[in-house]
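# Fold and geometry: a report
Next come the chains, spelled out residue by residue.
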Amino acid sequence: MLRNVDEIDWSSWRPTEYANLCFVMRDGQILLIRKKRGLGAGMMNGPGGRNEPGETAREGAVRETQEEIGVTPTGLEQIGELHFHFLDGYRLHVAVFAASGCEGVLIETDEAKPHWTPIDRIPYHEMWEDDPHWLPLLLQRKKFRGFFLFDGSKLLSHRVET
């Protein structure tokens, strides 16, 4: 059984699904959501989700942010990419975007409850275990690639490259 990300041949690795995350940051705050359903329900994260067929990661990030919390991210830039390998066989590739602002009115939906959070008080203890390994790089707008091995929601091993 796999125990380390370095045991995976990432050059031939193919994801089961492609997804996106979008983090709006302005005035020393980051816009997080409490996810209400799906993968990571109950946890804090950025808006995002699976890309639809024919949709780019950027288009998916905008759509998901609009659907989940009612706003349109502006000043969008892809900063990172995450590769998640789960022991149950699920494999997820996530494009990670930073946005410098948003337009519209924040709303709570059946998918997510939005929270503006001071950047110096990000609740890592309420997030996926991989987030502390790459989110600080996103905050600095430093390009990164992350590789993560999970057993359910338990992080077994990781590597992050800048």
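First things first, this report covers the structure right here in the doc. Keep in mind that this is a model prediction, so the values were computed, not measured. (Residues numbered from 1 in each chain as written. Predicted model: local features only at pLDDT ≥ 70, side-chain atom pairs only at ≥ 80, totals over all residues. Heavy atoms only, no water.)

### Looking at the overall build of the protein chain
- Along the backbone of the protein chain there are two helices and 11 strands.
- In sequence order, the protein chain lays out its α and β elements as β-β-β-β-α-β-β-β-β-β-α-β-β.
- A globule of 162 residues ought to have a C-alpha radius of gyration of about 15 Å, and the protein chain, at 15 Å, matches this closely.
- By element, 48% of the accessible surface of the protein chain is carried by carbon and sulfur atoms, the whole surface being about 7,800 Å². (Helix = DSSP H or I, 4+ residues; strand = E, 2+ residues; numbered from the N terminus. Rg over C-alpha atoms; globule rule 2.2 N^0.38 Å. Areas by Shrake-Rupley, 256 points an atom, 1.4 Å probe, with all protein chains shown as cover.)

### Structural notes on unusual backbone geometry
- Although it is not a glycine, Asp27 sits at a positive phi angle of roughly 50°.
- Among the structural elements, Asp27 can be located in the loop between strand 1 (17-26) and strand 2 (29-35).
- One non-glycine residue, Arg141, lies in the positive phi region at around 60°.
- Position of Arg141 among the secondary structure elements: in the loop between helix 2 (131-139) and strand 10 (144-151).

### Focus on the packing of aromatic side chains
- As enumerated under the stated definition, the model contains 10 aromatic pairs in all.
- A centroid spacing of 5.7 Å and a plane angle of 40° characterise the contact between Phe86 and Tyr90, whose relative ring orientation is tilted. Here the two residues Phe86 and Tyr90 agree in accessibility, since each one is buried.
- Aromatic pair Trp128 and Phe150: ring centres 5.4 Å apart, planes at 90°, arrangement edge-to-face. Of this pair, Trp128 sits in the loop between strand 9 (112-118) and helix 2 while Phe150 sits in strand 10; the two residues are 22 residues apart in sequence, bridging distant segments of the chain.
- For Trp128, a relative accessible area of 10% corresponds to the buried category.
- Taking the relative accessible area as the measure of exposure, Phe150 reaches 0% and is therefore buried.
- Taken together through their ring pairs, the aromatic side chains of Phe84, Phe86, Tyr90, Trp128, Phe148 and Phe150 make up a single cluster. (Phe/Tyr/Trp six-rings, centres within 6.5 Å; stacked < 30°, edge-to-face > 60°. Buried < 20%, exposed > 50% of the residue type's maximum accessible area, 1.4 Å probe, protein only.)

### Quick word on the environment of Thr56
- You can see Thr56 is positioned in the loop between strand 4 (48-50) and helix 1 (57-69).
- Sequence-wise, Thr56 and Asn20 are 36 residues apart; in three dimensions their C-alpha atoms are separated by 9.5 Å.

### Overview of the pattern of salt bridges
- Applying the stated criterion across every chain, the model contains 14 salt bridges.
- Between Arg63 and Glu67 there is a salt bridge; the shortest N-O distance is 3.2 Å. Here Glu67 and Arg63 lie together in helix 1, a separation of four residues that amounts to about one turn.
- A residue is classified by how much of its surface remains accessible, and Arg63, at 13% relative accessible area, is buried.
- For Lys143, the salt bridge is made with Glu77, and the minimal N-O distance between the two is 3.6 Å. Here the residue Lys143 occupies a position in the loop between helix 2 and strand 10, and Glu77 occupies one in strand 6 (residues 77-86), the gap between them amounting to 66 residues.
- For Glu77, a relative accessible area of 35% gives the class partly exposed.
- Salt bridges linked by common partners bring Glu52, Glu55, Arg63, Glu64 and Glu67 together as one network. (Salt bridge = Lys/Arg side-chain N within 4 Å of Asp/Glu carboxyl O.)

### Details of the pairing of strand 10
- Of all eight residues making up strand 10, six are buried, and the element is well covered by its neighbours.
- Where strand 6 meets strand 10, seven bridges bridge the pair, whose relative direction is parallel. Its bridge partner being in strand 10, Phe86 is matched across the sheet by Phe150.
- Sheet topology places strand 10 next to strand 11 (residues 154-161); seven bridges connect them, and they run antiparallel. Residue Gly146 lies in a different strand from strand 11, and its bridge partner there is Val160.
- The loop that links strand 10 with its antiparallel partner strand 11 comprises two residues; one of these, Gly152, has a positive phi angle of about 65°. (Pairing = 2+ DSSP bridges.)

Everything listed here is a matter of geometry and, on its own, says nothing about what the molecule does.
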